[in-house]
Structures are given as structure tokens and as C-alpha cells.
Amino acid sequence: MSDKELWPEGVQRCSLKLFIAWLAVIFAVLAWGVYAAYVVWAGGLIVTGMDNYFAFGLYIIFDLAVIALGAGAFFSGLLYYLVRVEGLKNIINLAVIIGFICYSGALLILTLEVGQPLRAWFGFWHPNVHSMLTEVIFCITCYMLVLTIEFIPIILENRKLNKIKFLHHMAHNFHVIMPLFAGVGAFLSFFHQGSLGGMYGVLFSRPYAFREGFFIWPWTFFLFILSAVASGPGFTMLVATLMEKMTGRKLVDFSVKALMGKISGTMLAIYLVFKYLDTWAWATGILPRSGLTFSEVFYGVAYGKWLLFSELVVFGLFPAVLLLYSKTRNTPWILYSACTMVGIGVIINRYVQTAQTLAHPVMPFDRWYVYVPTWAEWAPSLAVIAYGALILSLAYRYLPVFPQERKLNQA
Amino acid sequence: MVLYLKEFKIKWGMVIDLDRCTGCGACMVACQAENNIAPPVDASDKRYSLTWMLVYQLSNKQPYPNHDVAYMPRPCLQCGKPNCVPVCPVIATDKNQEGGIVSQVNARCIGCRYCMAACPYHARYFNWQDPVWPEGMEKTLTPDVSTRPRGVVEKCLFCHHRYMYARDKARIEGRDPNALNEGDYIPACVEMCPTGAMVFGDLENPEHKVHKLSKSPYAFRLLERLNTKPQVYYYSKREWVRKQGDNYLEHETVGGV
């Protein structure tokens, strides 16, 4: 028994049995997540680690992190279709699929996060134009639509589907108009990545998160965009590398990976300049104006200064140098390590912006609390990762995701 | 929407004398009963309980015999510039009605809890569980206060239904509903306070006691420097109490006398 006829032309895949065994592992994790979703919907958010103090928890941290890591889709698309960076042609399909997974996964988690999921459409029907969250709701949904449109031609290029004349022409025409969608996607993504940062920056009565305005936006708006485009391309490259390790096949030429690393490093360096300025302005301006000292906004291990140091130096400055310097960037293990570090840095940033902002006692007689997520929060998050693995596994097996695969694996 | 300080001709507000408050909790009980807040499933877990009116204990942190405590009742402060309003994605909360009370529309709220994240006073509460009243207790519900389902955010509204009663009564009596006398409208917590620590009225009306009290050098507002402009004032002649109303750096001095 084989499904060879569905594989892209001229490639090798594992046996169907092995593939089904792999899918079984994925489905086991997915089932756990679906059960957790049922528990949350049936029992309410009381089953999570969130409470009156922590309005946001792992769901939001996870959403912010995957949306940042999924930024490879819009930024690579922007560079390939609009700036014409030709080397990205060989990884753009993967970037789109990862973007699709990250955004659809984030939306799935959001259905658990809101207390009244059946009213989620109110965001469109009764929008508050002043709310950064409204902008996020609109842009994420629209961008999800764009990512779906970008994913469709890749699906239609399946060997069997492509033999159907109508679908073949449809895929071709989708490709022709793709620069338009890349542009729309970049515009939408720019705004919602920014609005996610703006969501925290406008909290003028939460001194840990509040930032001054640049035009109508707090500057966290721009910091979130920059940190996302710094981590996204590197993450896409890492997924490609992980797939290579798992399948034992070369999928993307190293020069393409190094290019993704260079993009990540450059954007990270630009981000860090502004992030350092932001941290300085926050520590010497916003905090003292609120009657707080730098030390007062850190607490224990969960919200310690080590997080700031890790984010800005260990997982910031250090990988930026490694990625900017061509010798280290062109050494595979250093490239992979550096991009992993960039990803960890952005996750720390999303964690502190969410959890530390809420944990920090603003009233002088209040106290710090530590947020600990429960299994009902971990399970759906892991399920989204499993969902990503499922989409990627199916896409790798049945769709021509990697244009270089045949050439790179010729004996 | 309030992105700037919105001015009202009538501004309902409260002045709470912290030197009179004994921390008895009568205001909390009155609030729970008046506003149909269901008994908590586990009252020991304070981080899931709904306490629109919460009494904090403040301490001067001095050793005996100089030790001193104060109790600070905290309703929703009905900020003049509320952070919760502009962040709500669905306009479930707003500050647009004469009187300056920050509203909350339960049927509109999607439960995103962004308003909770925005409020530094923890004055907003999420319904973590379905409200369940013990058999018979449902007969004690206030008919003009809607009960809230699980999954929405709720908050103190200065017993807004009492405001509506007072306006209706004034209309029936042939008086101007926009010129209520002092005492025509007071929230349940103020009515129940046994020491008279809580005074309620129109902050803009010189004939109301709160107007004068709010101008006192002993009056202060919580987290004044964050510029949320609360309509609830606190009052204390003790400097350390006033000092705990906001964060002060070592070199800074507290307001008042």
C-alpha cells in the first residue's frame, strides 16, 4: 500500500505505515488539547491559572509568541514579491504555511481565551475604533484570509489536483496575483503586529507596560513589529532545518538559510537599538514619573531582572552579533543556535509584557502575585504545535513545498 | 469614547474618610446584596471572588506602640479618564452619561478582560463561574439589577439603578431629575456605612458635602499621578495614609498639610 501517486514528482517519502504512526502521535497530542478545550468551554476559565489579578495568561502569551514567530510569512513575502529578493523563492512556500499555522492556531486559542466565545463576532459588529484590540481583531482575521489565499495555490499544485485543468489554471492565476496579496498581507500584518504591542503600550495606568506615543501609537507598536520581523524569518529557517533532520533529506540550500539568518540579524540589530532606547526612556522617565524605581518593577525569579538581561543581552545582542558577522552566520550550528536564541528572546518579551505587567502591584499597598498556568492552558498550546506538525507533515508529503528538494537530493 | 478627560455638569462622586472607616465590611455586604452578586463557590479563594466594593487594610509598618492601620474601601473609582473604556473592543463599557459613571453592558461584553488588564485598581471582576443562589435566596434579588452570566466582566456602577429610581421619583414629584438634592441618590454601600465614613453626592455641586470635602487638603485620590482622575476621593489627616494613596519616591513629599 502506497500513496506514491500523490507525492510531488521525483521525491522520496517514508512508507505510509511510518507516516500513519507519526500522525497517530500527533493526533494523541491533538486529542489532549481538544479535551482541554472541552473542559474550558464546559467549565469556564476557572480551570485555568488566570484569576482577577491575571486577566491574561498563557493563552495570550502563546498567541503573541506564535504570531511573532509566524511573521516570517509576511516579511519574507514582502521581501520576495515586492522587494524582489530572489533567494527567498526557495523557502517562501514554507514561510506561508508556517504563517497559516501560526495565525490559525492563534485564532483557535483565542476561542478559548474569551469568556463569551459565541459573542466573538461583536468585535466586528460593535467595533470600538479607539481600541487597539479592535485593530488586532480586524487585521488578524483579514490576514488569516490572505494567508489562506496564499496557501491555496500551494495545495492546488498537488500532483493529482494539478492534473485537473481548472485547478491548474486557478493555481497559476493565484500565483500571478500573489504580489498583490503579499502587499495586502504585509500591510495587515504590519498593523496587527503593531497593535499587539500597542495593546500594552496604551495601558497608561500600568507603568510596566505604558509607553509614550509616536503620533497616535505608543512606541511598543513599532517595537513589536521589529521584534516580530527579527524572529520570524529565523524561525521559518529553523522549521526547515528541523524538517530536514526529521526526514533525512536536504530541503533548502544553506545559502538560503544564511540569507534568512542575515535578515533576522539585521532586523534584530535595528530592533535592539530602539529597544535599548525604549528601556532607558522607560527606566528614567515613565517609572520615576509614576513614583517607581527600576528595582521595584522586578520581583523574585518569575519576574526578575534576569529576564530583562536575558532578553536584551543573552537572547538579543549576542545572537544579533552572531548573525551579522558572516563567518559565524555561515557556520550551520551557530546560525541555528543564534536563530533559536532570537526566538527565545521574543518569547521572553511577550511573557514579560503580559505577565509582569499584570503582576506588578501598581497600588502601593498591593502585593506581587505569581501566575502559574494549569494543564488546561498547556494542553491547547501543545495541541496547536501538534496541529502545526500535522499541517506541515501533510504539506511536506503531498505538496511541492520545497522547489530545491529534487536537485539537492540527487545522488 | 474617552481618550481625554470628559467633563460633565453632574459628576457623582464619593469621599471616604479613612480616619472614620473601621473596616467592618458592611459596605461590602451591602454591595453584594444590592447588586445580585451570587455567593462565591469557594469564599476562601479571593482571587476568584467578585467584590465590587473591596476593603483593603493599610499599615504604617511601624513596630508597636507606633503601629497604625487604616481601612480603605475601594469601589470602582469611576475615573474621569478611565483606561478601561478606550481599550474595550466592543464598547461594552463607556463613560457618556451625565453623572460620569463608567457603565458596563453585560450583554455586550465578550469577556476578553482587556479592561481588567487596564485597570490599576483591580476594580473590574470576571465571572469565573455561573452565578448560583441557594434555594430561596433568589427571592432576595434586586429586581432592577441584571444578573451576569459566566464569562463577562462586571464592576461597581455606583448602584446606577438607584440613580434611575431617584430621577423617576423627582419626575413624579415635579422636580428636575437633573437637579437632585443631596441624599436623593446614594449607593447601598454609603447607606449602610455605620460610621458615616462614606459621603456621596455631586462633586460639581457646591451645595453637596462631597464638593467641599474633595477640596480639603486632607483629600487625595488613589494613584493621582497616573492621571486617571477618579471620582472617588479619600480623606485622612494621617500623612502616612495619604502617602499610601500613591507611589512616592524617597525625595518626594506627600500632598496635604
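Remember, it's a predicted structure, so these values are computed and weren't measured experimentally.

A. Inspection of the overall build of chain B at higher detail. Along its length, chain B carries 7 helices and 10 strands. The globule rule puts the C-alpha radius of gyration for 257 residues at 18 Å, and the 18 Å found for chain B is close to it. In terms of overall dimensions, chain B has a C-alpha envelope of 50 × 45 × 35 Å along the principal axes. In chain B, which comprises 257 residues, the proportion classed as buried is 56%. Taking the intrachain contacts of chain B between residues at least 6 apart in sequence as the baseline, contacts between residues at least 24 apart amount to 65%. Total accessible area on chain B stands at roughly 11,300 Å², and carbon and sulfur atoms take up 53% of it. Positive and negative side-chain charges in chain B, numbering 32 and 28 respectively, have mean positions lying 3 Å apart.

B. The arrangement of a nonpolar patch on the surface in detail. Residues and elements named next belong to chain A. There is a patch of nonpolar side chains on the surface, built from Trp-32, Tyr-35, Tyr-38, Trp-375, Trp-378, Leu-382 and Ile-385 and spanning about 780 Å² of accessible area. Elements that contribute at least two residues to the nonpolar patch include exactly helix H1 (16-43) and helix H14 (375-398). Overall, the relative accessible area of 55% leaves Tyr-38 in the exposed class.

C. Expanded view of the packing of helix H3 (residues 72-82) of chain A against helix H9 (residues 220-247) of chain A. Residue and element names in this part refer to chain A. Running from N to C, H3 and H9 point in directions that differ by 90°, and their axes come no closer than 8 Å. As summarised for this structure, H3 and H9 are arranged roughly perpendicular, according to the angle between their axes. Seen from H3, the contacting residues are Gly-72, Phe-74 and Phe-75; seen from H9, they are Val-229, Gly-232, Pro-233 and Thr-236. Across the contact of H3 with H9, the residue classes break down as 4 nonpolar, 3 polar and no charged.

D. The environment of Phe124(A), seen in detail. Residue and element names in this part refer to chain A. Counting through the fold element by element, Phe-124 comes out in helix H5 (residues 122-125). Residue class for Phe-124 comes out partly exposed when judged on its relative accessible area of 37%. With 154 residues separating them in the primary sequence, Phe-124 and Asp-278 have C-alpha atoms 33 Å apart. Those residues in contact with Phe-124 that lie beyond four places of it in its chain are Ile-137, Phe-138 and Thr-141.

E. Highlighting the packing of aromatic side chains. Taken as a whole and assessed by the stated rule, the structure comprises 43 aromatic pairs over all chains. Geometrically, the ring pair formed by Tyr299(A) and Trp368(A) is stacked, given 5.1 Å between the ring centres and 5° between the ring planes. Of the two residues, Tyr299(A) is situated in the loop between helix H10 (254-289) and helix H11 (305-324) and Trp368(A) in the loop between helix H13 (332-359) and H14; the sequence distance between them amounts to 69 residues. Through pairs of rings, three or more aromatic residues link up here, namely Phe187(A), Phe190(A), Phe191(A), Phe214(A), Phe215(A), Trp217(A), Phe221(A) and Phe222(A). Across from the ring centre of Phe224(A), 3.8 Å away, lies the NZ or CZ of Arg350(A), which sits over that ring. The residue whose ring lies beneath Arg167(B) is Tyr163(B), and the NZ or CZ to ring-centre distance is 5.4 Å.

F. Representation of unusual backbone geometry. The peptide bond linking Tyr64(B) to Pro65(B) adopts the cis configuration, its omega dihedral lying at 15°. Positive phi values are uncommon outside glycine, yet Arg84(A) reaches one of about 65°. Checked against the element boundaries, Arg84(A) lands in the loop between H3 and helix H4 (92-113). Judged by relative accessible area, Arg84(A) falls into the partly exposed class, the value being 47%. Here Asn36(B), not a glycine, exhibits a phi torsion of approximately 55°, which is positive.

G. How the structure looks around the environment of Thr340(A). All names here are of chain A. With respect to the helices and strands, the residue Thr-340 is situated in helix H13. Classification of Thr-340 as partly exposed rests on a relative accessible area of 37%. Sequence separation between Thr-340 and Ser-231 is 109 residues, and the spatial gap between their C-alpha atoms is 8.7 Å.

H. Summary view of the pattern of salt bridges. Residues and elements named next belong to chain A. In total, this model carries 27 salt bridges over all chains according to the counting rule given. The closest approach of N and O atoms between Glu-5 and Lys-160, which form a salt bridge, is 3.5 Å. Of this pair, Glu-5 sits in the segment before H1 while Lys-160 is found in the loop between helix H6 (132-156) and helix H7 (165-176), placing the two residues 155 residues apart along the sequence. Residue classification places Glu-5 among the exposed residues on the basis of a relative accessible area of 54%. Through salt bridges that share partners, Arg-211, Lys-275, Asp-278 and Glu-311 make up one connected network.

I. Expanded view of the sheet that holds strand S8 (residues 198-202) of chain B. All names here are of chain B. Read from one edge to the other, the open sheet built from 4 strands follows the order S8-S1-S10-S9, with strand pairing classed as mixed. The open sheet has two edge strands, S8 and strand S9 (219-220), and neither has a second partner. With 5 bridges joining them, strand S1 (residues 12-17) and S8 adopt antiparallel strand pairing. By the bridge assignment for S8, Gly-13 is matched with Gly-201.

J. Seen up close, the nonpolar core. Counting residues in hydrophobic clusters, the biggest one holds 146 residues, and the most contacted among them are Phe56(A), Leu94(A), Ile97(A), Met199(A), Tyr200(A) and Tyr114(B). Apart from residues no more than four positions distant in its own chain, Phe56(A) is found in contact with Met50(A), Glu113(A), Met199(A), Tyr200(A), Thr354(A), Leu358(A), Cys112(B), Arg113(B), Tyr114(B) and Ala117(B). Residues Trp12(B), Met14(B), Ile16(B) and Ile37(B) belong to the second largest nonpolar core, which totals 49 residues.

K. Geometry of the interface of chain B and chain A. Across the contact, 56 residues belong to chain B and 54 residues belong to chain A. Between chain B and chain A, a total of about 4,600 Å² is buried, with carbon and sulfur atoms accounting for 58% of that surface. In terms of surface lost to chain A, no three residues of chain B exceed Arg47(B), Tyr114(B) and Trp128(B), which account for 17% of the buried area on that side. For the interface between chain B and chain A, the tally reads 2 salt bridges. Notably, a salt bridge pairs Asp51(A) with Arg47(B), separated by 2.7 Å at the nearest N-O pair. Counting every contact that joins chain B to chain A gives 33 residue pairs in polar contact (both at pLDDT 80 or more). When contributions to the side of chain B that touches chain A are tallied by element, the ones reaching two or more residues are strand S2 (54-59), helix H2 (84-87), helix H3 (114-118) and strand S6 (124-126) of chain B. For the side of chain B that touches chain A, the element with the most residues is H3(B), which contributes 4 residues. Across the side of chain B that touches chain A, the residue classes break down as 35 nonpolar, 12 polar and 9 charged.

Each value, and the rule that gives it
Residues numbered from 1 in each chain as written. Chains lettered and ligands numbered in written order. Predicted model: local features only at pLDDT ≥ 70, side-chain atom pairs only at ≥ 80, totals over all residues. Heavy atoms only, no water. Helix = DSSP H or I, 4+ residues; strand = E, 2+ residues; numbered from the N terminus. Rg over C-alpha atoms; globule rule 2.2 N^0.38 Å. Buried < 20%, exposed > 50% of the residue type's maximum accessible area, 1.4 Å probe, protein only. Contact = heavy atoms within 4.5 Å. Areas by Shrake-Rupley, 256 points an atom, 1.4 Å probe, with all protein chains shown as cover. Lys, Arg positive; Asp, Glu negative; His and termini not counted. Charge placed at Lys NZ, Arg CZ, Asp CG, Glu CD. Patch = residues over 30% accessible without salt bridge, like charges linked within 9 Å, V, L, I, M, F, W, Y side chains within 5 Å. Salt bridge = Lys/Arg side-chain N within 4 Å of Asp/Glu carboxyl O. Axes fitted to C-alpha atoms, helices over the stretch in contact; angles between N-to-C directions. Parallel < 35°, antiparallel > 145°, perpendicular 65-115°, else oblique. Nonpolar A, V, L, I, M, F, W, Y, C, P; charged D, E, K, R; others polar. Phe/Tyr/Trp six-rings, centres within 6.5 Å; stacked < 30°, edge-to-face > 60°. Lys NZ or Arg CZ within 6 Å of the ring centre and 35° of its normal. Pairing = 2+ DSSP bridges. Core = buried A, V, L, I, M, F, W, Y, C linked by side-chain atoms within 4.5 Å. Buried area = accessible area lost by both parts, 1.4 Å probe. Polar contact = N/O pair within 3.5 Å; in protein donor to acceptor, adjacent residues only side chain to side chain.

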